[in-house]
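Given next are the chains, with one letter for each unit.
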Amino acid sequence: MKQSIVITMGDPSGVGAEVTVRALAARGAALREQVRVIGDRSTVARAAAVCGVDLPVLAPDEAGDGIRVDHVAVDGLPETFGVLSPACGEASYRYIARAVDLAMDGEAASIVTAPINKEALNAAGHHYDGHTGMLAHLTGSKSSWMLLASERLNVVHVSTHVSLRDAIGRATTERVLETIRTGHKHMKRMGLEAPRIAVAGINPHCGENGLFGREDDEAIAPAVAAAKAEGINVVGPISADTVYHRAYNGAFDLVIAQYHDQGHIPIKLVAFDTAVNVSLGLPIDRCSVDHGTAFDIAGTGKANHVNMLAALDYAARMGAAARG
């Protein structure tokens, strides 16, 4: 049976298994039939126990209603939650690699990822900045982008997990233009005929005509002009201290953020529990919860699964939308 969605369990010591089982328990048997969790069977079973979820853990093709787990064996996994471990980093990587294989082979329509721990991932020898870079590498993609999607604010980033100094260097005309194009294409795919896009400036007040820097005039404005010439409904650069407020109140469908915190802070202020992390520019569909492994509460059953529900809903929406 072809699965429509695969969920990678994330770091076995984190809250990924807990939010996954609680989200699947909150939905009906029809959805559970179409979802496969890629991870560790015993971890999923322990998570179900601590969360009070009374559903059996099944093999992917096993009959009946339950949580289907595609078990990926990794030696040395800790038997308790909340432990930083290279073995968990290795497991996180293998779960994602397995999911990518399924998606690339057409056996999964989309991937939903639970959180990984970057320190554990790197300790296992997998040197990525997180899911976005890893997925680009595994799919052979030249580049990828992080979109944070919520009901009233959507933000796609020119750069993400790099230093602020490096982020400024990466905000080239070419990269900003490609980000605009990529965001435009995705929003059209999701049903907007002419998405209204705003590009945030990188300097305070967009540099005030060079008083606070020339990057907005020399790199960002030319990218906006080029995108306009292609028929994209885009404006900018607009000062970052006002553009998100305007977008949240309905002026824009998408904001182009120049670096990680410029985009993450407003999203986490207005949609901390419901924003979904979406990877753009890949040959596969992937979205994720927008929270971390939460080692401090892992294993207690306290983790909130609302964000996982939002990610599953967005994955379903992408599945229903034609890939352009």
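These lines cover the structure that appears in this document, whether it is placed above or below. (Residues numbered from 1 in each chain as written. Predicted model: local features only at pLDDT ≥ 70, side-chain atom pairs only at ≥ 80, totals over all residues. Heavy atoms only, no water.)

1. Focus on the packing of helix α1 (residues 16-26) against helix α12 (residues 306-320)
Turning to step 1, where the next piece is worked out: The interhelical angle for the contact between α1 and α12, taken along N-to-C directions, is 65°, at an axis separation of 8 Å. The two elements α1 and α12 cross, and the hand of that crossing is right-handed. Residues Val 19, Thr 20, Ala 23 and Ala 26 of α1 form the contact with α12, whose participating residues are Met 308, Leu 309 and Leu 312.
Turning to step 2, where the next piece is worked out: Class assignment of the residues belonging to the contact of α1 with α12 gives a composition of six nonpolar, one polar and no charged. (Axes fitted to C-alpha atoms, helices over the stretch in contact; angles between N-to-C directions. Helix = DSSP H or I, 4+ residues; strand = E, 2+ residues; numbered from the N terminus. Left-handed = near helix turned anticlockwise from the far one by under 90°. Contact = heavy atoms within 4.5 Å. Nonpolar A, V, L, I, M, F, W, Y, C, P; charged D, E, K, R; others polar.)

2. Digging into the pairing of strand β10 (residues 254-257)
Turning to step 1, where the next piece is worked out: Burial along β10 is two-sided: Leu 254 and Ile 256 and Val 255 and Ala 257, pointing in opposite directions, are all buried.
Turning to step 2, where the next piece is worked out: Two strands pair when backbone bridges link them, and strand β7 (residues 154-157) and β10 are joined in this way by three bridges, in the parallel orientation. Bridge pairing in β10 places Val 156 opposite Ile 256.
Turning to step 3, where the next piece is worked out: With three bridges connecting them, strand β8 (residues 197-200) and β10 associate as parallel partners. Opposite Ile 197, over in β10, you have Leu 254 as the bridge partner. (Buried < 20%, exposed > 50% of the residue type's maximum accessible area, 1.4 Å probe, protein only. Pairing = 2+ DSSP bridges.)

3. Brief notes about the side chain of His 184
Turning to step 1, where the next piece is worked out: Within the secondary structure, His 184 is located in helix α8 (residues 173-189).
Turning to step 2, where the next piece is worked out: Residues within four places of His 184 in sequence aside, it is in contact with Pro 195, Ile 197, Ile 232 and Leu 254.

4. Let's talk about unusual backbone geometry
Turning to step 1, where the next piece is worked out: Omega for the bond connecting Gly 236 with Pro 237 falls within 30 degrees of zero, at 0°, which places this linkage in the cis form.
Turning to step 2, where the next piece is worked out: A positive phi angle, near 55°, is found at His 205, a position not held by glycine.
Turning to step 3, where the next piece is worked out: Residue classification places His 205 among the partly exposed residues on the basis of a relative accessible area of 44%.
Turning to step 4, where the next piece is worked out: A positive phi is found at Cys 206, a non-glycine position, where the angle reads about 55°.
Turning to step 5, where the next piece is worked out: Its location among the elements puts Cys 206 in the loop between β8 and α9 (215-229).

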